[in-house]
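# Descriptive structure summary
Each chain, letter by letter, is given below.
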Amino acid sequence: MEKAEQAVNEGEHQVSDEADRVWSGNWVAERLGVELVGDDRLTGLLGLALRRNPKRAHLLVSNVLGKHVPQSPSVVYGYGVELGRRVRELLGAEEAGRAVVLGYAETATGLGHSVADGLGLAPYLHSTRRPVAGVAAAGGFEEAHSHATSHLLLPEDPTLLGGDGPLVLVDDEFSTGNTVLNTVRDLHARYPRRRYVVVALVDMRSAADASRLADFAEEIGARVDLVTAARGTVRLPEGVLEKGQELVARYESATAGEGSSAGAAPSWPIAQFPAPPNSGVADTPLAGARGTARPAPTDPHPVDRRIDLQWPAGLPDGGRHGFTPAHRELLENALPAMARRLADALPHNARRVHILGFEELMYAPLRLAHELERSADVEVRYSTTTRSPVLAVDDPGYAIRTRLAFPAHDDPADGPGERYAYNVAGAGFDAVVVVVDSAGDTPALHAPDGLLARLAAHTPRVLLAVIPSYAPERPSMLPEPLRGPAFSSYAPEEVGWLLQDLSDVTLEAPTEEREEAIQSGGAHYAESLPVEYQPSEQYQELFHAALKDSAARIAQAVGVVTETVLAERSPRPVLVSLARAGTPVGILMRRWAQHRHGIDLPHYAVSIVRGRGIDANALRWLARHHDPRDVVFVDGWTGKGAITRELAKALEEFEESDGITGFDPEIAVLADPGSCVRTYGTREDFLIPSACLNSTVSGLISRTVLRADLVGPDDFHGAKFYRELAGTDVSVAFLDAVSARFPEVADAACAQAKELLATDRSPTWEGWAAVERISEEYAIHDVNLVKPGVGETTRVMLRRVPWRVLARAGAGSDLDHVRLLAEQRGVPVEEVDGLPYTCVGLIHPKYTRGATGADGKAVSV
């Protein structure tokens, strides 16, 4: 820690008491009546400005943080290191060795890192507002007064926050304690520990807020200590928020259109731009920013030079995903050489150099600036850009003298917006070195209205150093897909199941018991399995007869949907069937592509659960092994379209959570009687024999299971393999019977697909409308209990407690199996004119086991 100690000696004591300085809070204090009361050194550490924020009028502007006010890097780094040393003394060597430091984005990321350096061997993590694909959040919290409130914790090592050693939380100011309370509340529920230490440059809490933190510590049974550089409070007169907002609006209105073309916002006379009061830094003359601005460059890329720092491979750019003692050692060893490369790139006559960091990227630019300050004969100042919108007023008694505004340049997750660099314009720097991570090195950075162009209007030289954005490669803990014969009766090349095997778990419950629990809200249907229906001899004969009669019809529909996919979606699609009804169809589509085109298509089966979405881990596995744009989701048929909507919603949420794009929510189905999709083999509602049975026509695989005690956050959804039913398995027989008809229907299928591709296939959702109408006509008032189509009606008869079956008048042999099941279960079949489906199954509404007779047959209601 030799360099850290030198930083303390060079910097921490530079902030001295110089009463003759104009306090950079006078302007706000005089106009709003705001008072800063506390330690003598408080006004040396803080100035005041006005927020452009509806939640709080004033902004405490730190003179030693390196965010809004350019400052000597030895001062900035020295304050953080000194606070870290004080934490180490507080904890003692043993506890300090077990501590973890957590900093807050964006303002305190560098301060927190510096505290970790002063603490010694503590790993460091800072919160972030930048989600990273494939990195799961270990926590999150809100910062109520901020302009951008949501924080994420994204450690590469998921165990980083899991220890029981002290957690050191670092923020620039401790104003109300709300942010810390939100953080500790969230983390303590996940990773309880005995001790927390809160670190801030200034403690500005009221007495009531201080008491609240003590009460909270007692409530959770943990010790909470506080370490700060100064203490005080802000006295706010009544109505300060409204008065501050009015003042901001008035000044911004008065200066509209007066700012320079380079985006600066000075509007009042500028004479001298003194260093932060009590900072020990000499005054720096500042000519008017508008008066000294050179013409905006015509070159759209106003970078005089790009500096190759030769950033060490594998070294994180900061603490967004964790920064370990080993990383710290690697950085310390590399800093001298990187600073030399930076110095070599500066103009030979440069005397005042500014190192400008980038939002959350504070620590790396700070350390580069500090090393440059130590090793080169130049005056160095350091600050960073920010999201925080603040009014700029060019007055010595105001903390934010100038403002450069420019568009965000790192494609932020919350959308485009304006970003700012304060007190840089007009400060007389001979060169500005912009340090960004590679995520921020975008065309927007180099655009005519971008940050580099804005700076080029105010300094002779602009240089750019880009640090590689650290994107952790978290090893996949997900297993390879399950395959037959170990899991399912399908051949291993036919399908890979992105599921976990729950064959040894008892999940089956009596149908009536499950129905009552589902309808009462006591359980989700995916948390248990129905007892597998074992068909009678008569019913099996019906299945084989139906298969014989419909095999060619199914084969043609398979050909149509496969040819449509190949022509319209991808020449080499990755078929992903929705288990389990979609899986036989996916296998048949794979077989058609092989038969007709000689191509072997990958095929996987994944779980999707109504109300719970698609298996996100399965999507992550697919994204790691295939291009998401090639994935085509496959299902057997549509009913009312609930799964179609579920998939679209789930993929939208997955894209937001993981940042992985390209998955198309459009499902390809064999039959679309509900008119819910564009890609289908037919829209007729006819008997698909694979709907007649459960696992014995689906590779002996159960319906999928999603239950918290069985499926963890890093697991695939589950399913069972019913090996014991092999004697009645007709899964492969069904596939073979349909595949055998491919040659005779090939020409017709291709012609039909060509016709469909030329027509408007937009979904009409007429099935959904019919379901809503039936739900009301039969006083069910729950569309989830209305199951339209032959396939869905069959599922009702096999898995749920049926109430009645509505059959289209004149429906023929397609309903023979439904009528047989209805007779066996005592369910009435009612013929209905004008039904858009061949049949509709109605689940018993408001079911309790009392609604079923002693013989197990449904009673009429």
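Conventions and cut-offs
- Residues numbered from 1 in each chain as written.
- Predicted model: local features only at pLDDT ≥ 70, side-chain atom pairs only at ≥ 80, totals over all residues.
- Heavy atoms only, no water.
- Helix = DSSP H or I, 4+ residues; strand = E, 2+ residues; numbered from the N terminus.
- Buried < 20%, exposed > 50% of the residue type's maximum accessible area, 1.4 Å probe, protein only.
- Contact = heavy atoms within 4.5 Å.
- Areas by Shrake-Rupley, 256 points an atom, 1.4 Å probe, with all protein chains shown as cover.
- Pairing = 2+ DSSP bridges.
- Axes fitted to C-alpha atoms, helices over the stretch in contact; angles between N-to-C directions.
- Parallel < 35°, antiparallel > 145°, perpendicular 65-115°, else oblique.
- Left-handed = near helix turned anticlockwise from the far one by under 90°.
- Nonpolar A, V, L, I, M, F, W, Y, C, P; charged D, E, K, R; others polar.
- Expected span 1.5 Å × (residues − 1).
- pLDDT = per-residue confidence, 0-100.
- Salt bridge = Lys/Arg side-chain N within 4 Å of Asp/Glu carboxyl O.
- Polar contact = N/O pair within 3.5 Å; in protein donor to acceptor, adjacent residues only side chain to side chain.
- Phe/Tyr/Trp six-rings, centres within 6.5 Å; stacked < 30°, edge-to-face > 60°.
- Lys NZ or Arg CZ within 6 Å of the ring centre and 35° of its normal.

### A few points about the overall build of the protein
- Counting secondary structure elements, the protein contains 24 helices and 35 strands.
- Buried positions account for 59% of the 861 residues belonging to the protein.
- Within the protein, contacts between residues at least 6 apart in sequence are counted, and of these 78% link residues at least 24 apart.
- For the protein, the computed accessible surface area is about 32700 Å², with 49% contributed by carbon and sulfur atoms.

### Re the sheet that holds strand β34 (residues 829-832)
- Spatially, four strands are ordered β32-β35-β33-β34 in an open sheet, and the strand pairing comes out mixed. Because the sheet does not close on itself, it has two edges, and the strands there are β32 (786-788) and β34. Pairs of neighbouring strands in the sheet enclose a mean axial angle of 20°, with direction left out of account.
- Where strand β33 (residues 802-808) meets strand β35 (residues 839-843), five bridges bridge the pair, whose relative direction is antiparallel. Bridged to Ala807 within β35 is Cys839.
- Across the sheet, helix α22 (residues 766-777) touches β32, β33 and β35, and the angle it forms with β32 is around 140°.

### Comments concerning the sheet that holds strand β9 (residues 195-203)
- Here six strands make up an open sheet; going across it, the order is β1-β10-β9-β8-β4-β5 and the pairing mixed. Here the strands that pair on one side only, and so sit at the sheet edges, are β1 (35-38) and β5 (124-126). For this sheet, the mean inter-axis angle between neighbouring strands, taken without regard to orientation, is 25°.
- This element, helix α6 (residues 109-119), spans β4 (100-103), β5, β8 (167-174) and β9 of the sheet and lies at about 135° to β8.
- Its contacts with the sheet place helix α7 (residues 178-190) against β4, β8 and β9, and it is angled at close to 160° to β8.

### Observations concerning unusual backbone geometry
- Cis geometry is found at the peptide bond from Ala105 to Glu106, where omega equals -5°.
- Mapped onto the elements of the fold, Glu106 is located in the loop between β4 and α6.
- Of note, the amide linkage connecting Ala579 to Arg580 takes the cis form, showing an omega dihedral of 0°.
- If you trace the backbone, Arg580 turns up in the loop between β24 (574-578) and α17 (582-597).
- The phi angle at Asn423 is positive, at roughly 60°, despite the residue not being glycine.
- Relative to the elements of secondary structure, Asn423 occurs in the loop between β17 (418-422) and β18 (431-437).
- Given a relative accessible area of 1%, Asn423 falls into the buried group.

### Quick word on the packing of helix α11 (residues 325-345) against helix α12 (residues 363-375)
- Between α11 and α12, whose axes approach to 9 Å, the crossing angle comes to 70°. Viewed along their axes, α11 and α12 adopt a mutual orientation that is roughly perpendicular. Judged by the twist between their axes, the crossing of α11 over α12 is right-handed. Contacts between α11 and α12 involve Leu331, Glu332, Leu335, Pro336, Met338, Ala339, Leu342 and Ala343 from the first element and Tyr363, Arg367, Leu368, Glu371, Leu372 and Ser375 from the second.
- Class assignment for the residues of the contact of α11 with α12 results in ten nonpolar, one polar and three charged.

### Quick notes on α17
- End to end, α17 covers 22 Å across 16 residues, agreeing with the expected 22 Å (1.5 Å per residue, within 8%).
- Where burial is concerned, most of α17 is hidden: twelve out of the 16 residues are buried.
- Within α17, burial applies to Gly582, Thr583, Pro584, Val585, Gly586, Ile587, Leu588, Met589, Arg590, Arg591, Trp592 and Ala593.

### Some points on the confidence of the model for the protein
- Of the residues in the protein, 85% have a pLDDT of 70 or more, and the chain-wide mean is 83.
- Across the protein, the secondary-structure element scoring lowest on mean pLDDT is strand β12 (residues 284-285), at 29, and the one scoring highest is strand β15 (residues 379-385), at 98.
- In this model, residues 10-20 is a region of pLDDT below 50 whose contacts with residues beyond four sequence positions or in other chains number 29 contacts.
- Scored below 50 in pLDDT, residues 848-861 shows 24 contacts in the model against residues more than four places distant or in partner chains.

### Some points on the packing of helix α4 (residues 73-91) against α6
- In the contact formed by α4 and α6, the axes pass within 6 Å of each other and the chain directions differ by 50°. Between α4 and α6, the crossing angle belongs to the class labelled oblique. Every pair of crossing elements has a handedness; the one defined by α4 and α6 is right-handed. From α4, Tyr77, Gly80, Val81, Leu83, Gly84, Arg85, Val87 and Arg88 reach across to α6, where they touch Leu111, Ser114, Val115, Asp117, Gly118 and Leu119.
- By residue class, the composition of the contact of α4 with α6 is seven nonpolar, four polar and three charged.

### A closer look at the pattern of salt bridges
- For the structure shown, the criterion picks out 42 salt bridges.
- We note a salt bridge from Arg31 to Glu30, for which the minimum N-O separation is 3.9 Å.
- Among the residues examined, Arg31 registers a relative accessible area of 31% and is labelled partly exposed.
- Its salt-bridge partner being Asp747, residue Arg596 comes within 3.9 Å of it at the nearest N-O pair. Taken together, the residues Arg596 in helix α17 and Asp747 in helix α21 (residues 742-757) connect sequence positions 151 residues apart.
- Judged by its relative accessible area of 37%, Arg596 falls in the partly exposed class.
- Each of Asp117, Arg328, Glu332 and Arg367 takes part in a single network of salt bridges with overlapping partners.

### Some words on the pairing of β35
- With five of five residues buried, β35 is to be regarded as a mostly interior element.
- Of the two faces of β35, the one carrying Cys839, Gly841 and Ile843 and the one carrying Val840 and Leu842 are both buried.
- With three bridges connecting them, β32 and β35 associate as antiparallel partners. Among the inter-strand pairings, Lys787 is bridged to a residue of β35, identified as Gly841.

### Remarks on the environment of Leu502
- Among the structural elements, Leu502 can be located in the loop between β21 (500-501) and β22 (508-509).
- C-alpha of Leu502 to C-alpha of Val705: the two residues are 203 residues apart in sequence and 8.7 Å apart in space.
- Setting aside residues up to four positions removed in sequence, Leu502 forms contacts with Leu507, Val705, Leu710, Gly718, Ala719 and Lys720.

### A look at the side chain of Ser702
- Within the fold, Ser702 resides in the loop between β30 (679-682) and β31 (718-719).
- Only 2.8 Å separates the side chain of Ser702 from the backbone nitrogen of Lys720, close enough to count as a polar contact.
- In this structure, Ser702 is in contact with Leu529, Arg580, Ala719, Lys720 and Tyr722, ignoring residues within four places of it in sequence.

### Concerning the packing of aromatic side chains
- Inspection of every chain in the model, using the stated rule, returns ten aromatic pairs.
- Aromatic side chains Phe633 and Phe663 sit 6.2 Å apart centroid to centroid with 45° between the ring planes, which places their arrangement in the tilted category. Of this pair, Phe633 sits in strand β28 (residues 631-637) while Phe663 sits in the loop between α19 (642-658) and β29 (667-671); the two residues are 30 residues apart in sequence, bridging distant segments of the chain. You'll find Phe633 and Phe663 in the same group, each marked buried.
- Taking 6.2 Å as the distance between ring centres and 65° as the angle between the ring planes, the aromatic pair formed by Phe654 and Phe663 counts as edge-to-face. Taken as a pair, Phe654 and Phe663 share a single burial class, namely buried.
- A connected cluster of aromatic rings, assembled from ring pairs, spans Phe487, Tyr490, Trp497 and Phe721.
- The positively charged end of Arg645 is found above the aromatic ring belonging to Trp765, 4.4 Å away from the centroid.
- Across the ring face of Trp803, the terminal group of Arg804 is positioned such that the distance to the ring centre comes to 4.2 Å.

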